[in-house]
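This is what each chain is made of:
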Amino acid sequence: MNLLLGVNIDHVATLRQARYSGMVDSPNAEPSPVEAAEDALAGGADSITIHVRGDRRHMQEVDAYRVKQATNLPLNFEMGNTQEMIDIALKLKPDFVCLVPETREEVTTEGGLDVAGLYDSLEPTVKTLQAAGVQISMFIDPNVEQVEASANIGAEMVELHTGCFANAHTDEARELEITRLKQSAIAGHNFKLQVNAGHGINYENIHFLNAVPHLAEFNIGHTIVARAMRVGLTQAVREMKELMKAYSPNPI
Ligand code: PXP
């Protein structure tokens, strides 16, 4: 199976909110997340990711409903483990929920979810959403203990946090991060989890991930939206998909 690309379009809403905060329904409110999802689809996106944060700094709840309605692409709803977000997810019924840690101060999601440590508070959320037909992914640091906890809690997927990999700028540091990703991907595969990866992947560093086995999907946002400024979103997605063709789930 080919490596899939989930396109995170949160930063399309970041730009809109910079001017039109509180005015999502204004005819001037641009750029449009729905149009972005359509453009990503045209470029070969396999799914769309939207993160409605507690502070609504980019995507608004209404964006999630509109994007879901407008495209046939699977929707991956990223959310913190709060009752407010559970209620939204139950109304939205996305194909997937990716549970992420969320604090107000962070610029973006900065660390993986501590599934092992937060097991008791996460388990009811996993069960509630699965009962509504939603598949669950856990966004975790590349750590075998967290992979095992994700399998035990009954998640279908893990998304390995590639932020440390992306910030490793020496060969040695990068090798270390690739090793952690490899070990976690192998553990995930052995636990029969779908193994995804995301955060900080860009057009320059993506090829290093060809060394990591068993990956099913990348979730990529920032670099694609940034590249879209130069070439448009459809072309930016197309270029990323092209780079992903070099991946084989069983690297030698
Ligand atoms: N996966 C998760 C769980 C994220 O929180 C984010 C960032 O919102 C991404 C993937 C995409 O990261 P980036 O925007 O750096 O590509």
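Asker: Please clarify how the overall build of the chain should be interpreted in this entry.
Answerer: Looking only at helices and strands, one finds ten helices and eight strands in the chain. In terms of overall size, the chain behaves like a compact globule, its C-alpha atoms giving a radius of gyration of 17 Å where 252 residues would be expected to give roughly 18 Å. Buried positions account for 49% of the 252 residues belonging to the chain. Long-range contacts, defined here as pairs at least 24 residues apart, represent 67% of the contacts in the chain between residues at least 6 apart. Put simply, the chain shows about 11700 Å² of open surface, and 51% of that area lies on carbon and sulfur atoms. Considering the chain, the positive charge centre built from 20 side chains and the negative charge centre built from 34 side chains are found 5 Å apart.

Asker: Can you help me understand the packing of helix α4 (residues 83–92) against helix α5 (residues 119–131) in this one?
Answerer: To characterise two packed helices, one gives the angle between the axes of the helices and the distance between these axes. Running from N to C, α4 and α5 cross one another at 15 degrees; their axes reach a closest spacing of 10 Å. In terms of axis orientation, α4 runs roughly parallel to α5. As for the relative orientation of α4 and α5, their crossing is right-handed in sense. Every residue of α5 that contacts α4 at I86, A89 and L90 is listed here: T125, T128 and L129. In terms of residue class, the contact of α4 with α5 is made up of four nonpolar, two polar and no charged.

Asker: Where do I start with the packing of aromatic side chains in this structure?
Answerer: For any pair of aromatic rings, the description rests on two quantities: the centre-to-centre distance and the angle between the ring planes. Enumeration according to the criterion identifies two aromatic pairs in this entry. For the pair F165 and F208, a centre-to-centre distance of 6.5 Å together with 70 degrees between the ring planes defines the contact as edge-to-face. Of the two residues, F165 is situated in helix α7 (residues 163–166) and F208 in the loop between β7 (194–198) and β8 (215–220); the sequence distance between them amounts to 43 residues. Looking at F165, the relative accessible area reads 2%, which means it is buried. Judged by its relative accessible area of 29%, F208 falls in the partly exposed class. Its guanidinium or amino end placed over the ring of F208, R174 lies 4.0 Å from that ring's centre, counting from NZ or CZ.

Asker: Would you mind going over the pattern of salt bridges with me for this structure?
Answerer: Side chains that differ in charge, positive against negative, can pair when their charged atoms come close. In the structure shown here, the tally under the stated rule is ten salt bridges. Across the pair E61 and K91 runs a salt bridge whose closest N-O atoms are separated by 3.5 Å. Remark: K91 occurs in helix α4 and E61 occurs in helix α3 (residues 61–70); sequence separation between them is 30 residues. Judged by its relative accessible area of 23%, E61 falls in the partly exposed class.

Asker: Whenever I open this one, unusual backbone geometry confuses me. Can you help?
Answerer: Excluding glycine, a negative phi dihedral is what most residues carry, and trans is how most peptide bonds are arranged. Residues E30 and P31 are joined by a peptide bond in cis, for which omega reads 0 degrees. Checked against the element boundaries, P31 lands in the loop between α1 (10–20) and α2 (33–43). Of note in this structure, K93 is not a glycine but carries a positive phi near 50 degrees. Its place among the elements puts K93 in the loop between α4 and β4 (96–99). The exposure class assigned to K93 is partly exposed, which follows from its relative accessible area of 43%. A positive phi angle, close to 65 degrees, is found at H214, a residue other than glycine.

Asker: Any chance you could explain the nonpolar core here in plain terms?
Answerer: Side chains of a nonpolar character, in soluble globular proteins, are inclined to be buried together. In this structure, I9, I48, F77, M138, F218 and I224 are the most contacted members of the largest nonpolar core, which totals 68 residues. Dropping the residues within four chain positions of it, I48 is found in contact with V7, I9, A37, A40, V67, L73, P74, L75 and N76.

Asker: Even after reading the chapter, I still don't get the sheet that holds strand β3 (residues 75–79), so can you show me in this structure?
Answerer: Sheet strands pair via backbone hydrogen bonds, and the direction of the pair is either parallel or antiparallel. On the basis of which strands lie adjacent, the closed barrel formed by eight strands has the order β1-β2-β3-β4-β5-β6-β7-β8 and parallel pairing. Across the sheet, the mean angle from the axis of one strand to that of its neighbour is 25 degrees, orientation sign disregarded. In terms of strand pairing, strand β5 (residues 135–140) meets strand β6 (residues 157–161) through four bridges, oriented parallel. Paired with M138 across the bridge in β6 is V158. Along the sheet, α4 contacts β3 and β4; its crossing angle with β3, the most-contacted strand, is approximately 170 degrees.

Cut-offs applied
- Residues numbered from 1 in each chain as written.
- Predicted model: local features only at pLDDT ≥ 70, side-chain atom pairs only at ≥ 80, totals over all residues.
- Heavy atoms only, no water.
- Helix = DSSP H or I, 4+ residues; strand = E, 2+ residues; numbered from the N terminus.
- Rg over C-alpha atoms; globule rule 2.2 N^0.38 Å.
- Buried < 20%, exposed > 50% of the residue type's maximum accessible area, 1.4 Å probe, protein only.
- Contact = heavy atoms within 4.5 Å.
- Areas by Shrake-Rupley, 256 points an atom, 1.4 Å probe, with all protein chains shown as cover.
- Lys, Arg positive; Asp, Glu negative; His and termini not counted.
- Charge placed at Lys NZ, Arg CZ, Asp CG, Glu CD.
- Axes fitted to C-alpha atoms, helices over the stretch in contact; angles between N-to-C directions.
- Parallel < 35°, antiparallel > 145°, perpendicular 65-115°, else oblique.
- Left-handed = near helix turned anticlockwise from the far one by under 90°.
- Nonpolar A, V, L, I, M, F, W, Y, C, P; charged D, E, K, R; others polar.
- Phe/Tyr/Trp six-rings, centres within 6.5 Å; stacked < 30°, edge-to-face > 60°.
- Lys NZ or Arg CZ within 6 Å of the ring centre and 35° of its normal.
- Salt bridge = Lys/Arg side-chain N within 4 Å of Asp/Glu carboxyl O.
- Core = buried A, V, L, I, M, F, W, Y, C linked by side-chain atoms within 4.5 Å.
- Pairing = 2+ DSSP bridges.

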